[in-house]
Amino acid sequence: MTQMYYDADIDTAKILGKKIAVMGVGSQGHAHALNLQDSGAEVVVGLRDGSSSFDKCEKAGLKAMSFGDASAWADVIMMLLPDPVQKSVYEKDIAPNMTEGKSLVFAHGFNIRFDLITPPENVDVWMVAPKGPGHRVRTTYTSGFGVPALIAIEQNHSGEAKDLALGYAKLIGAGRAGILETTFTEETETDLFGEQAVLCGGTCELVKAGFEVLIEAGYKPEVAYFECLHELKLIVDLMAEGGMAAMRYSISETAEFGDYVSGPRVIDADTKARMKDILADIQNGKFAKDFIADSDDGFAGLKRMRAENAEHPIEVTGKKLRDMMKITGSDSGDDNFNASTESQC
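Note that the coordinates shown come from a computational prediction; the quantities given were computed from them, not determined experimentally.

1. A closer look at the nonpolar core
Here is step 1: Leu-36, Trp-126, Val-128 and Tyr-168 are the most contacted members of the largest nonpolar core, which has 34 residues in total.
Here is step 2: Counting only elements with at least two residues in this core, the list comes to β2 (19-23), α2 (27-38), β3 (42-47), β5 (76-79), β7 (124-130), β8 (149-155) and α8 (161-171).
Here is step 3: Considering each element in turn, this core owes the most residues, seven residues, to α8.
Here is step 4: Ignoring sequence-local partners within four residues, the contact set of Val-128 consists of His-32, Met-78, Val-105, Phe-106, Ala-107, Ala-149, Leu-150, Ile-151, Ala-165, Tyr-168, Ala-169 and Ile-172.

Put into structure tokens, the structure is as follows:
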């Protein structure tokens, strides 16, 4: 049986004896830094020279340094910058300071899995990956709970990498919810696949297709929006709380019967085969290559696709309805930080 680690299983003495630099202060960065500090760790935030986030860190009670100074000072360097940025920052500011015995840490294995960053052999390389956005990492911590996390060990030069990873995960609150051990390869490939095939890409395309089918059949766009997008959160919340069985227990017999007989007509063997193609592109590095190429091109492709999707009728209809219903965001994270992006550095 797969082991889950909890607070009672973890000794934080080793990690509390280390100086920790959190690189970047976006969604995950601000949450990790604040939670670590509140848990008694000695922590600084690493930022690019001239970053406006120096003032934000000061207001939040966090000490900040340049990337180079922070990595020179720290024993543990946590990379919480955007995936396409990590390589250049590492090579310019961090690699010169990766002396023997330090730890290079990630919250996502992209740069290690696809060989964009190659750490020296005489350092530890490990991962702590919370399974939730940064603002949830912070708000659940302050409310006495936490977000579950994955840990992984890529290099264990010191012999203490797992103890350090578990300790770090506990300090940010993950031990209150549960910590699972994985590998850099497994975390990276499953994370990218989940985002593309199910959580983001698959879900968004399913919602858009359902909306289009209804309005093309003559139904009001507002009604189609409610049925295909607005109610989705209600279903997903039930699934998150108790799995698909709990969701099906909570809906009507009509909905449950339709689930069983019609779901497989939408997601069938052909869909699964295309999902396997997506996974293959992740495993063989094609997706990473395409993504980095678009990043090097100033994200021209990403910006074009973002603009195209923003103009879709479901977005126009949704904005109008949300304004009418006075729905506002909640639980959006610390007021001093932008909790929706990893790009602050």
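Right, picking up where we left off after that structure.
2. Topic: the packing of helix α11 (residues 221-230) against helix α17 (residues 313-325)
Here is step 1: One can describe the packing of α11 onto α17 by two numbers: an axis separation of 10 Å at closest approach and a directional angle of 90°. As judged from the angle between their axes, α11 and α17 are roughly perpendicular. When α11 is examined against α17, the residues Pro-221, Glu-222, Tyr-225, Phe-226, Leu-229 and His-230 are found in contact with a partner set consisting of Ile-314, Thr-317, Gly-318, Lys-320, Leu-321, Arg-322 and Met-325.
Here is step 2: The residue inventory of the contact of α11 with α17, partitioned by class, reads seven nonpolar, three polar and three charged.

3. Looking at the side chain of Thr-140
Here is step 1: Mapped onto the fold, Thr-140 is located in helix α7 (residues 134-142).
Here is step 2: Overall, Thr-140 belongs to the buried group, its relative accessible area being 7%.
Here is step 3: One polar contact links the side chain of Thr-140 to the main-chain carbonyl oxygen of Arg-136, over a distance of 2.5 Å.
Here is step 4: Setting aside its immediate chain neighbours within four residues, Thr-140 contacts Phe-145, Gly-146, Val-147 and Arg-176.

4. Examining the pattern of salt bridges
Here is step 1: Enumeration over the complete set of coordinates arrives at 15 salt bridges.
Here is step 2: A salt bridge links Glu-181 to Lys-162, with the nearest nitrogen and oxygen atoms 2.9 Å apart. A residue pair is termed long-range when its members are at least 10 positions apart, and Glu-181 in strand β9 (residues 179-182) and Lys-162 in helix α8 qualify at 19 residues.
Here is step 3: One network of salt bridges, in which partners are shared, links Lys-14, Glu-160 and Asp-163.

5. Some words on a nonpolar patch on the surface
Here is step 1: Together, Leu-206, Val-266 and Ile-267 give the surface a local cluster of nonpolar side chains, amounting to about 280 Å² of exposed area.
Here is step 2: As for its position among the elements, Ile-267 is in the loop between α13 (253-266) and α14 (269-283).
Here is step 3: On the basis of relative accessible area, Ile-267 is assigned to the partly exposed category, the value being 47%.

6. So, the pairing of β3
Here is step 1: By the criterion of burial, β3 is predominantly enclosed, with five of the six residues buried.
Here is step 2: One ladder, built from five bridges, connects β2 with β3; its direction is parallel. If you follow Met-23 over to β3, its bridge partner there is Gly-46.
Here is step 3: Between the parallel elements β2 and β3, the chain passes through α2 in a crossover that is right-handed.
Here is step 4: Judged from the three bridges that link them, β3 and strand β4 (residues 64-66) form a sheet pairing that is parallel. Each bridged residue has a counterpart across the sheet, and for Leu-47 the counterpart in β4 is Ser-66.
Here is step 5: In this fold, β3 hands off to helix α3 (residues 53-59), which returns the chain to β4; that crossover is right-handed.

7. Some points on the sheet that holds strand β6 (residues 103-106)
Strand pairing in a sheet relies on backbone hydrogen bonds. The paired strands run either parallel or antiparallel.
Here is step 1: The nine strands are arranged β1-β9-β8-β7-β6-β5-β2-β3-β4 in an open sheet whose pairing can be described as mixed. A single partner strand is all that each edge strand has here, and the edge strands are β1 (4-5) and β4.
Here is step 2: Here β6 pairs with β7 via four bridges, running parallel. Bridged to Leu-104 within β7 is Val-125.
Here is step 3: Against the sheet, α2 touches β2, β3, β5 and β7, its axis set at about 160° to β2.

8. What to know about helix α5 (residues 83-94)
Here is step 1: All buried positions along α5 are accounted for by Asp-83, Gln-86, Val-89, Tyr-90, Asp-93 and Ile-94. Burial along α5 is one-sided: seen end-on, the buried residues are contained in an arc of 105°.
Here is step 2: Where α5 is buried, its residues touch β2, α4 (67-73), β5, β6, α6 (110-113) and α15 (286-296).

9. Looking at the pairing of β8
Here is step 1: As defined by bridge partners, β7 adjoins β8 across six bridges and the pair is classed as antiparallel. Along β8, the bridge assignment pairs Ala-129 with Leu-150.
Here is step 2: Relative to β9, β8 runs parallel, the two being bridged by four bridges. Bridge assignment links Ala-149 to a residue of β9, and that residue is Ile-179.
Here is step 3: For the crossover from β8 across α8 to β9, the handedness is right-handed.

Reading the values: the criteria
Residues numbered from 1 in each chain as written. Predicted model: local features only at pLDDT ≥ 70, side-chain atom pairs only at ≥ 80, totals over all residues. Heavy atoms only, no water. Core = buried A, V, L, I, M, F, W, Y, C linked by side-chain atoms within 4.5 Å. Buried < 20%, exposed > 50% of the residue type's maximum accessible area, 1.4 Å probe, protein only. Helix = DSSP H or I, 4+ residues; strand = E, 2+ residues; numbered from the N terminus. Contact = heavy atoms within 4.5 Å. Axes fitted to C-alpha atoms, helices over the stretch in contact; angles between N-to-C directions. Parallel < 35°, antiparallel > 145°, perpendicular 65-115°, else oblique. Nonpolar A, V, L, I, M, F, W, Y, C, P; charged D, E, K, R; others polar. Polar contact = N/O pair within 3.5 Å; in protein donor to acceptor, adjacent residues only side chain to side chain. Salt bridge = Lys/Arg side-chain N within 4 Å of Asp/Glu carboxyl O. Patch = residues over 30% accessible without salt bridge, like charges linked within 9 Å, V, L, I, M, F, W, Y side chains within 5 Å. Areas by Shrake-Rupley, 256 points an atom, 1.4 Å probe, with all protein chains shown as cover. Pairing = 2+ DSSP bridges. Right-handed = clockwise from strand over helix to strand, strands pointing away. Arc of directions from axis to C-beta.

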